[in-house]
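# Observations on the model geometry
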Amino acid sequence: MLLKRTLLDSAATIALVATIALSAPSARADDKISIMVGGYEKQIYLPAKLAEALGYFKDEGLDVELLNEPAGVDAENEMLAGAVQAVVGFYDHSIDLQAKGKFVESVVQFSQAPGEVELVSTKHPEIKSPADFKGMSLGVTGLGSSTNFLTEYLAVKNGLKLGEFTSVPVGAGNTFIAAMQQDKIQAGMTTEPTITRLLKTGEASILVDMRTMEATKAALGGTYPAASLYMQTDWVDAHKEAVQKLANAFVKTLKFINTHSGAEIAEKMPKDYYVGDKEGYVKALDAGKAMFTADGVMPEGGPETVLTVLSAFKKDLQGKQIDLSKTYTTEFVKNVK
């Protein structure tokens, strides 16, 4: 009788432990989030590493893992495969994916300008505008990446056809620089601090600058929301509490960027991000940090500009009805206290 009761008690205990084990992960699942960043050393994606450095994720009770992927398109693929829950990358992927029947949305809009520059190798002074790209090899972070999108738009806008130039995936930083030095690319699109490094050595010059609002409007015809935190819509709908916590952390980070100098921000970043030139890093940050929104809200008219740009060369979008309201949400950033 005693043995029977002991066995029953043991069974009950095992059942209770199993119930707790099964329920505990679901209670904590929202607090463990993996975010793939399309190159977190790039200044355009500064909010990701800065939020971590400032402790804002921990303040929200989140366990956030930042993973590095040099090309935004590869980060996007990781999210679609379920390997990560979110991406810090360009908003334009939300529009591109909807045309393919996949719904993702920008939850926090980091920037209102791409922060990108089309650089031309000083070995090729014959390239005076994107109209001169014919027959050239042009550097992009990855095929299908936002740098690829913008490069194709600039070429098509200036009278070229797709196929009259070659997009070469060269990443950013040292790999981009090496490709230009070796003449594997004659021009290419990249971000800070790669831009400053090549300008400082005199190996490249600026052809098209999209680091400021004014220059972006001139190049692309309007405000161009770029860097963002985006996720699959289904995941957002199922994890609203976690998404709100992420929005809280990132909006707080954007406010920090808008109220501190480049030098103060740089002090919070890993020292290897300076690539041996802290002065250049700070100068570039001071010149470009106005690209960041102050509140994470999608800039008015921005999605329409992005759709217009992508529709100029992407056959997937031509003739398709895109519901822009489903490519971003302001629900969470507007709830930030």
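The present account deals with the structure reproduced in this document.

## Describing the packing of helix α7 (residues 174–181) against helix α8 (residues 194–201)
- At a closest axis distance of 10 Å, the pairing of α7 and α8 adopts a crossing angle of 35°. Like other packed secondary-structure pairs, α7 and α8 cross with a definite hand, here right-handed. Residue-level inspection shows Asn 174, Phe 176, Ile 177 and Met 180 of α7 in contact with α8, the latter providing Thr 194, Arg 197 and Leu 198.
- Split by residue class, the contact of α7 with α8 holds four nonpolar, two polar and one charged.

## Comments concerning helix α9 (residues 213–220)
- Looking only at α9, the buried set comprises Met 213, Thr 216, Ala 219 and Leu 220. Down the axis of α9, the buried side of the element spans an arc of 130°, and every buried residue falls inside it. Exposed side chains of α9 directed beyond 90 degrees from the buried face belong to Glu 214 and Ala 218.
- The elements touched by buried residues of α9 are α6 (146–157), β9 (204–210) and α14 (302–311).
- In the stretch just after α9, Gly 221 is the one whose phi turns positive, near 90°.

## Some details on the sheet that holds strand β8 (residues 187–190)
- Across the sheet, five strands lie side by side as β7-β6-β8-β5-β9; this open sheet has mixed pairing. Looking at which strands have only one partner, the edges of the open sheet turn out to be β7 (166–169) and β9. Averaged over all adjacent pairs, the angle separating strand axes in this sheet is 25°, with direction ignored.
- Relative to β9, strand β5 (residues 116–121) runs antiparallel, the two being bridged by six bridges. If you follow Glu 116 over to β9, its bridge partner there is Met 210.

## Side note on the pattern of salt bridges
- Under the criterion given, the structure shown has 12 salt bridges.
- Between Glu 331 and Lys 240 there is a salt bridge, and its shortest N-O distance comes to 3.3 Å. On the criterion of sequence distance, the pair formed by Glu 331 in the segment after α14 and Lys 240 in helix α11 (residues 240–259) is long-range, its members being 91 residues apart.
- Among the residues examined, Glu 331 registers a relative accessible area of 35% and is labelled partly exposed.
- A residue is classified by how much of its surface remains accessible, and Lys 240, at 37% relative accessible area, is partly exposed.

Parameters at a glance
Residues numbered from 1 in each chain as written. Predicted model: local features only at pLDDT ≥ 70, side-chain atom pairs only at ≥ 80, totals over all residues. Heavy atoms only, no water. Axes fitted to C-alpha atoms, helices over the stretch in contact; angles between N-to-C directions. Helix = DSSP H or I, 4+ residues; strand = E, 2+ residues; numbered from the N terminus. Left-handed = near helix turned anticlockwise from the far one by under 90°. Contact = heavy atoms within 4.5 Å. Nonpolar A, V, L, I, M, F, W, Y, C, P; charged D, E, K, R; others polar. Buried < 20%, exposed > 50% of the residue type's maximum accessible area, 1.4 Å probe, protein only. Arc of directions from axis to C-beta. Pairing = 2+ DSSP bridges. Salt bridge = Lys/Arg side-chain N within 4 Å of Asp/Glu carboxyl O.

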